[in-house]
Amino acid sequence: QVQLVESGGGLVQAGGSLRLSCAVSGRTFSTYAMGWFRQAPGKEREFVAANNWIGDITYYANSVKGRFTISRDNAKNTLSLQMNSLKAEDTAVYYCAAKEAGRPSRDSGAYDYWGQGTQVTVSS
């Protein structure tokens, strides 16, 4: 059984930074494509960023491009999301997700495993 556990969320002022982490256990993390998604109150879950198992194929949502950076450490089974220049509209629950095969995807339906989420609140 694959388990994903996010951490690092919290309350930050607009313009600040946070670093989210996702610890993956149970299977061979290094073969997964991984993604970050978020869901704000009253809105649908949306794609944030994703990368492949090597980390050389990376996708970002236009809304976070240039501000967020996805990275992974396959030796530590950890996925990270560095978030800089945060805005109030970045407020959401952030989820990490794992996809067992193939390229990373912007489609949440393509992912096989999900974490429980971590709250990020940006005050303006």
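Residues numbered from 1 in each chain as written. Predicted model: local features only at pLDDT ≥ 70, side-chain atom pairs only at ≥ 80, totals over all residues. Heavy atoms only, no water.

## A look at the environment of Ala61
And then number 1: Positionally, Ala61 belongs in the loop between strand S6 (58-60) and strand S7 (68-73).
And then number 2: Classification of Ala61 by relative accessible area gives buried; the value is 13%.
And then number 3: Setting aside its immediate chain neighbours within four residues, Ala61 contacts Phe47 and Val48. (Helix = DSSP H or I, 4+ residues; strand = E, 2+ residues; numbered from the N terminus. Buried < 20%, exposed > 50% of the residue type's maximum accessible area, 1.4 Å probe, protein only. Contact = heavy atoms within 4.5 Å.)

## A closer look at the nonpolar core
Soluble globular proteins tend to pack their nonpolar side chains together in the buried interior.
And then number 1: The biggest cluster of nonpolar side chains holds 34 residues, and the ones touching the most others in it are Trp36, Leu81, Met83 and Tyr94.
And then number 2: Contributing elements (two or more residues each) for this core: strand S3 (18-25), strand S4 (33-39), strand S5 (46-51), S6, S7, strand S8 (78-83), strand S9 (92-99) and strand S11 (118-123).
And then number 3: Broken down by element, this core gets its largest block of residues, five residues, from S9.
And then number 4: Setting aside residues no more than four positions away along its own chain, Leu81 makes contact with Leu18, Arg19, Leu20, Trp36, Val48, Ala49, Phe68, Thr69, Ile70 and Tyr94. (Core = buried A, V, L, I, M, F, W, Y, C linked by side-chain atoms within 4.5 Å.)

## A look at the pairing of S5
And then number 1: Among the six residues that make up S5, five are buried, leaving the element largely enclosed by the rest of the structure.
And then number 2: The hairpin turn running from S4 into S5, its antiparallel successor, is six residues long, and Gly42 in that turn takes a positive phi close to 75°.
And then number 3: Note that S5 and S6 share three bridges and pair antiparallel. Counterpart to Asn51 in the pairing with S6 is Thr58.
And then number 4: In sequence, S5 turns back onto S6 through a hairpin of six residues, with Gly55 there showing a positive phi of about 95°. (Pairing = 2+ DSSP bridges.)

## Points about the sheet that holds S7
And then number 1: Strand order across the open sheet formed by four strands is S1-S3-S8-S7, with antiparallel pairing between neighbours. What marks the edges here is a single partner per strand, and that holds for strand S1 (3-7) and S7. Across this sheet, the average inter-strand angle for adjacent strands is 15°, counted without regard to direction.
And then number 2: The sheet contact formed by S3 and S8 spans six bridges and is antiparallel. Within S8, the position partnered with Cys22 by the bridge is Leu79. (Axes fitted to C-alpha atoms, helices over the stretch in contact; angles between N-to-C directions.)

## Section: unusual backbone geometry
And then number 1: For Asn77, which is not glycine, the phi dihedral falls at a positive 55°.
And then number 2: Structurally, Asn77 can be placed in the loop between S7 and S8.
And then number 3: Judged by relative accessible area, which is 25%, Asn77 ranks as partly exposed.
And then number 4: The backbone of Ser85 shows a phi angle near 50°, a positive value even though the residue is not glycine.

## With respect to the environment of Pro104
And then number 1: Looking at the secondary structure, you find Pro104 in the loop between S9 and strand S10 (113-114).
And then number 2: Between the alpha carbons of Pro104 and Thr31 there is a distance of 11 Å; along the sequence they are 73 residues apart.
And then number 3: When near neighbours in sequence (up to four residues on either side) are disregarded, Pro104 contacts Ala33, Ala50, Asn51, Asn52, Ile57, Tyr59 and Tyr111.

## Observations regarding the pairing of S9
Within a regular strand, the side chains alternate between the two sheet faces.
And then number 1: Along S9, seven of the eight residues are buried, which leaves the element largely enclosed by surrounding structure.
And then number 2: Judged from the seven bridges that link them, S4 and S9 form a sheet pairing that is antiparallel. The residue of S9 that forms the bridge with Arg38 is Tyr94.
And then number 3: For S9 and S11, the ladder comprises three bridges, and the chain directions are antiparallel. Residue pairing across strands places Tyr94 opposite Thr118, the latter belonging to S11.
And then number 4: Pairing of S9 with S10, which is carried by two bridges, proceeds in the antiparallel orientation. Paired with Ala97 across the bridge in S10 is Trp114.

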